[in-house]
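A closer look at the structure
For reference, the chains in residue letters:
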Amino acid sequence: MAIRIDPTALAEVKLITPDRFGDARGFFSESWNRAAMAAAGFDIDFVQDNHSLSAKKNTIRGLHFQAPPHAQAKLVRCGRGRLLDVAVDIRKGSPTFGHWTAHELSFENGRQLLIPEGFLHGFLTLTDEVEVIYKCSDYYAPDCDGAVRFDDPMIGIDWGIDPGLAVLSAKDAAAQLMRDFDSPFVYGGGE
Ligand SMILES: Cc1cn([C@H]2C[C@H](O)[C@@H](COP(=O)(O)OP(=O)(O)O[C@H]3O[C@H](C)C(=O)[C@H](O)[C@H]3O)O2)c(=O)[nH]c1=O
């Protein structure tokens, strides 16, 4: 079982592409193999699998994070449709603090985005009926759950759509700007 690891604009965020074995029936792929990931230097103890369906194109879920002590690393893949997956570095003192990287994940390309703890995560659906399946390295902890506006000018993500067209949950529509977090928007500093 081979996996391809590609870099992104953020050193710790990686694109992972597992092998697909095609035949007349379709294909088979080990979508996650702990030993293969560990051999590549990513031995993450994932404990929760998430699966979401977004019915409409231009749906944006995010930008979300869980603060310590329940920060989550994520391994995100697309089970149906196409999406633009985005990670934003919000680690205290990071040289790439506030920087983002965006990658198209689709059922067809089989690519996955590995997002470590300390990053915001969000995605834009590029088609209707997008299923996103992702592993998390800690359990859901609502008290540690946070959201930053997808169109925060301090981050400046280019989603490629008119922000007014975004389909948002009430939570995401009401999300804060980084500058408005009660302490300097740091993560992992515990200040
Ligand atoms: C995240 C989560 C949610 N829920 C419940 C809470 C709500 O009743 C319902 C929908 O939650 P929410 O609107 O937060 O779902 P998303 O907007 O898809 O949030 C996710 O979207 C971005 C892209 C992420 O990376 C996070 O995993 C997560 O924040 O599922 C759970 O029971 N367990 C969970 O782990």
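Residues numbered from 1 in each chain as written. Predicted model: local features only at pLDDT ≥ 70, side-chain atom pairs only at ≥ 80, totals over all residues. Heavy atoms only, no water.

Under an unreviewed UniProt entry, the protein chain has the name dTDP-4-dehydrorhamnose 3,5-epimerase and belongs to Allgaiera indica. A UniProt comment under Subunit (unreviewed entry) is attached to the protein chain, and it reads "Homodimer." (UniProt positions renumbered as here; feature names shortened; annotations may be inferred.)

The next thing to look at is the environment of glycine 26. With respect to the element layout, glycine 26 can be found in strand 4 (residues 26–28). Sequence separation between glycine 26 and serine 169 is 143 residues; the distance between their C-alpha atoms is 35 Å. (Helix = DSSP H or I, 4+ residues; strand = E, 2+ residues; numbered from the N terminus.)

Turning to the pairing of strand 11 (residues 119–125), a few remarks are in order. Counting buried residues along strand 11, seven of its seven residues qualify, which places the element largely inside the surrounding structure. In this sheet, strand 11 lies alongside strand 6 (residues 60–66) in antiparallel orientation, the contact comprising three bridges. Bridge pairing in strand 11 links isoleucine 60 to leucine 124. (Buried < 20%, exposed > 50% of the residue type's maximum accessible area, 1.4 Å probe, protein only. Pairing = 2+ DSSP bridges.)

It is worth spelling out the UniProt feature "active site" (unreviewed entry) in the protein chain at this point. Under the UniProt annotation, the feature "active site" (unreviewed entry) is placed at His64 and Tyr134. Look at the named residues: they lie 71 residues apart in sequence, but the longest C-alpha span between them is just 13.7 Å, so in the fold they bunch up. Among the structural elements, histidine 64 can be located in strand 6. Apart from the residues within four sequence positions on either side, histidine 64 is in contact with Lys74, Phe119, Leu120, His121, Gly146, Ala147, Lys171 and Asp172. Within the secondary structure, tyrosine 134 is located in strand 12 (residues 130–136). In this structure tyrosine 134 comes out as buried when scored by relative accessible area, which is 17%. If we ignore the near neighbours within four places in the chain, the residues touching tyrosine 134 are Gln48, Asp49, Asn50, Lys74, Leu75 and Val76. (Contact = heavy atoms within 4.5 Å.)

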